[in-house]
Amino acid sequence: QVQLVESGGGLVQAGGSLRLSCAASGRTFRRYTMGWFRQAPGKERAFVAATKWSGSSTLYADSVKGRFTISRDDAKNTVYLQMNSLKPEDTAVYYCARGGYYAGTYSNDYDYWGQGTQVTVSS
């Protein structure tokens, strides 16, 4: 059973920064694509960023390019999301997810999900 546990959410003013962490169980962490998604109130879950196995490549939603950075530490089975220049529209519950090698921007590509961490950006 794979478990994903997010942390690092909170309340921040616009223009501020937060770093989310997602700790994963399992011995083959480095083989999987790890992604971050978010869901704002009344909206569907949306792709934010993903990192391919061993960090070989990364994907970003257009809305966060240049502001967010995804990274992974395979030795610690942890994936991070550094969020800078935060905007009120970034307010959402952020979810970490594990997908297969070909996982991309679609939530159906991911089979394990964390419980989510709330990020609130005040104006």
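First, a word on what this report is: a plain description of the structure on this page.

About the criteria used
- Along each chain, the written sequence defines residue order, and numbers are assigned to residues from 1.
- Residues qualify for local features only when their pLDDT is at least 70, as the model is predicted, and side-chain atom pairs are given and counted only at 80 or more; totals for whole chains, interfaces and linings, by contrast, use all residues.
- Values reported for side chains reflect all heavy atoms of the structure, with hydrogen atoms and water molecules removed beforehand.
- For the purposes of this entry, the term helix denotes a DSSP run of H or I that reaches at least four residues, the term strand denotes a run of E that reaches at least two, and both are numbered from the N terminus.
- In this treatment the radius of gyration is a C-alpha quantity, and the globule benchmark scales as 2.2 Å times the residue count to the 0.38 power.
- Throughout this description, buried means an accessible area under 20% of the type-specific maximum (1.4 Å probe, protein chains only), exposed means over 50%, and partly exposed covers the range between.
- Any two residues whose heavy atoms approach within 4.5 Å are treated as being in contact.
- Accessible surface is estimated by sampling points in the Shrake-Rupley manner with a 1.4 Å probe; for residues, cover comes only from the protein chains shown.
- Counted as positive: Lys and Arg. Counted as negative: Asp and Glu, with His and the chain ends omitted from the count.
- Throughout, a charge is located at the NZ atom of Lys, the CZ atom of Arg, the CG atom of Asp or the CD atom of Glu.
- Pairs of cysteine sulfur atoms within 2.5 Å are identified as disulfides in what follows.

1. Details of the overall build of the protein
- The helix and strand inventory of the protein stands at 0 helices and 11 strands.
- Mapped in sequence order, the helices and strands of the protein form the string β-β-β-β-β-β-β-β-β-β-β.
- In terms of C-alpha radius of gyration, the protein reaches 13 Å, essentially the compact-globule figure of 14 Å for 123 residues.
- For the protein, the C-alpha atoms occupy an extent of roughly 40 × 25 × 25 Å along the three principal directions.
- Of all 123 residues assigned to the protein, the portion counted as buried reaches 44%.
- Considering only contacts in the protein between residues 6 or more positions apart, those separated by 24 or more positions represent 58%.
- Working note: accessible area of the protein is about 6,500 Å², and carbon and sulfur atoms make up 46% of it.
- Each charge sign in the protein was given a centre, from 14 positive and 9 negative side chains, and these centres are 5 Å apart.

2. Observations concerning the state of the cysteines
- Scanning the entire structure with this criterion turns up 1 disulfide.
- Across the disulfide from Cys22 sits Cys96; the S-S distance is 2.1 Å. Taking the sign of the torsion about the S-S bond as the criterion, the disulfide between Cys22 and Cys96, at about -75°, is left-handed. With Cys22 in strand β3 (residues 18-24) and Cys96 in strand β9 (residues 92-99), this residue pair connects regions lying 74 residues apart in the sequence.
- You can call Cys22 buried: its relative accessible area is 0%.
- Classification of Cys96 by relative accessible area gives buried; the value is 0%.

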